[in-house]
Amino acid sequence: SQNATGSYLAFLPTIVGQAQEHVSNTTGFTGKHNAYLLSLTANWNADFTTYFSAREQSAVHSIAQAREDRTRLAAADDIHNSWFRVQAQIAKSRAAQSQVKASRHAAEIARDRYQSGAATQLDVVQAERDAFSSEVNQIQAQADLAFSRAELRLNAGQSIEGAR
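From a predicted model like this one, the values you see are computed outputs, not experimental measurements.

Here is what the cut-offs are and how they apply
- Residues numbered from 1 in each chain as written.
- Predicted model: local features only at pLDDT ≥ 70, side-chain atom pairs only at ≥ 80, totals over all residues.
- Heavy atoms only, no water.
- Helix = DSSP H or I, 4+ residues; strand = E, 2+ residues; numbered from the N terminus.
- Rg over C-alpha atoms; globule rule 2.2 N^0.38 Å.
- Buried < 20%, exposed > 50% of the residue type's maximum accessible area, 1.4 Å probe, protein only.
- Contact = heavy atoms within 4.5 Å.
- Areas by Shrake-Rupley, 256 points an atom, 1.4 Å probe, with all protein chains shown as cover.
- Lys, Arg positive; Asp, Glu negative; His and termini not counted.
- Charge placed at Lys NZ, Arg CZ, Asp CG, Glu CD.
- Salt bridge = Lys/Arg side-chain N within 4 Å of Asp/Glu carboxyl O.
- pLDDT = per-residue confidence, 0-100.

1. Concerning the overall build of the chain
Working step 1: Helix and strand content of the chain: three helices and two strands.
Working step 2: Starting at the N terminus and ending at the C terminus, the chain contains elements arranged as α-β-β-α-α.
Working step 3: Taken against the 2.2 N^0.38 rule, which gives 15 Å for 164 residues, the C-alpha radius of gyration of the chain at 41 Å runs more than 25% over that of a compact globule.
Working step 4: With respect to the principal axes defined by its C-alpha atoms, the chain has extents near 140 × 35 × 15 Å.
Working step 5: For the chain, the proportion of its 164 residues judged to be buried stands at 15%.
Working step 6: Contacts spanning at least 24 positions in sequence make up 62% of the contacts within the chain whose residues lie at least 6 apart.
Working step 7: Accessible area for the chain stands at about 12800 Å²; split by element, carbon and sulfur atoms hold 56% of it.
Working step 8: Of the charged side chains in the chain, 16 are positive and 16 negative; the average position of the first set lies 4 Å away from that of the second.

Rendered as structure tokens:
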């Protein structure tokens with residue numbers, strides 16, 4: 001921005017002022033001992049190089065502004081996406097917790113039925129395998145939620161220290 005402004009200011013004329021005083025002990029024809037000289041010079045340099053240089057600096061400024069806007073929007077999008085990822089992981093974690101409860105209950109029912117002779121040992125093993133699998137899914141969902149929260153904090157420019 002400053003380069004573009006400086007390039008356009010090169011079109012302004014430069015003004016130079018000068019003042020001189022001459023003191024002499026001979027008066028000559030004027031009858032005065034002092035003579036003053038004041039001059040003011042304006043120099044205006046307008047060429048195509050200055051014009052195109054100013055246009056170039058203006059274009060460079062526009063490009064830098066567009067890059068800044070793009071980066072700002074991308075950061076906002078990252079924060080927005082991370083927020084929704086956290087919300088999705090919370091829902092996934094709650095669903096996994098419900099699945100653990102249901103599979104544990106199913107395993108208990110299978111054991112009870114096996115003890116009463118209404119089910120086979122295979123039914124019990126499958127129910128316990130399903131319960132174990134749902135516990136693993138719950139642990140994975142909790143880890144994914146923790147990762148999503150850390151990612152959100154990082155995208156928001158905060159430290160992940162002390163985050164839960």
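2. Focus on the pattern of salt bridges
Any two side chains of opposite charge can pair, so long as their charged atoms come close to each other.
Working step 1: Scanning the entire structure with this criterion turns up seven salt bridges.
Working step 2: In this structure, arginine 72 and glutamate 68 form a salt bridge, with 2.6 Å as the shortest nitrogen-oxygen distance. Residue arginine 72 and its partner glutamate 68 are located together in helix α2 (residues 48-116), separated by four residues, close to a single helical turn.
Working step 3: The shortest N-O distance in the salt bridge between arginine 129 and aspartate 130 comes to 3.2 Å.
Working step 4: Under the relative-accessibility criterion, aspartate 130 is labelled partly exposed at 39%.
Working step 5: Here the salt bridges share partners, and the residues they tie into one network are Glu68, Asp69 and Arg72.

3. Details of the environment of glutamate 128
Working step 1: Note on placement: glutamate 128 falls in helix α3 (residues 121-155).
Working step 2: On the basis of relative accessible area, glutamate 128 is assigned to the partly exposed category, the value being 36%.
Working step 3: Taking C-alpha positions, glutamate 128 is 25 Å from alanine 91, a pair spaced 37 residues apart along the chain.
Working step 4: Beyond its immediate sequence surroundings of up to four residues, glutamate 128 is in contact with Ala107 and Arg111.

4. A short note on the side chain of serine 93
Working step 1: Of note, serine 93 is situated in helix α2.
Working step 2: Excluding residues that lie within four positions of it along the chain, serine 93 makes contacts with Ala141, Gln142 and Leu145.

5. Some details on the confidence of the model for the chain
Working step 1: Mean pLDDT for the chain: 89, with 95% of residues reaching 70 or above.
Working step 2: For the chain, the element scoring lowest by mean pLDDT is helix α1 (residues 2-9), at 80; α3 scores highest, at 95.

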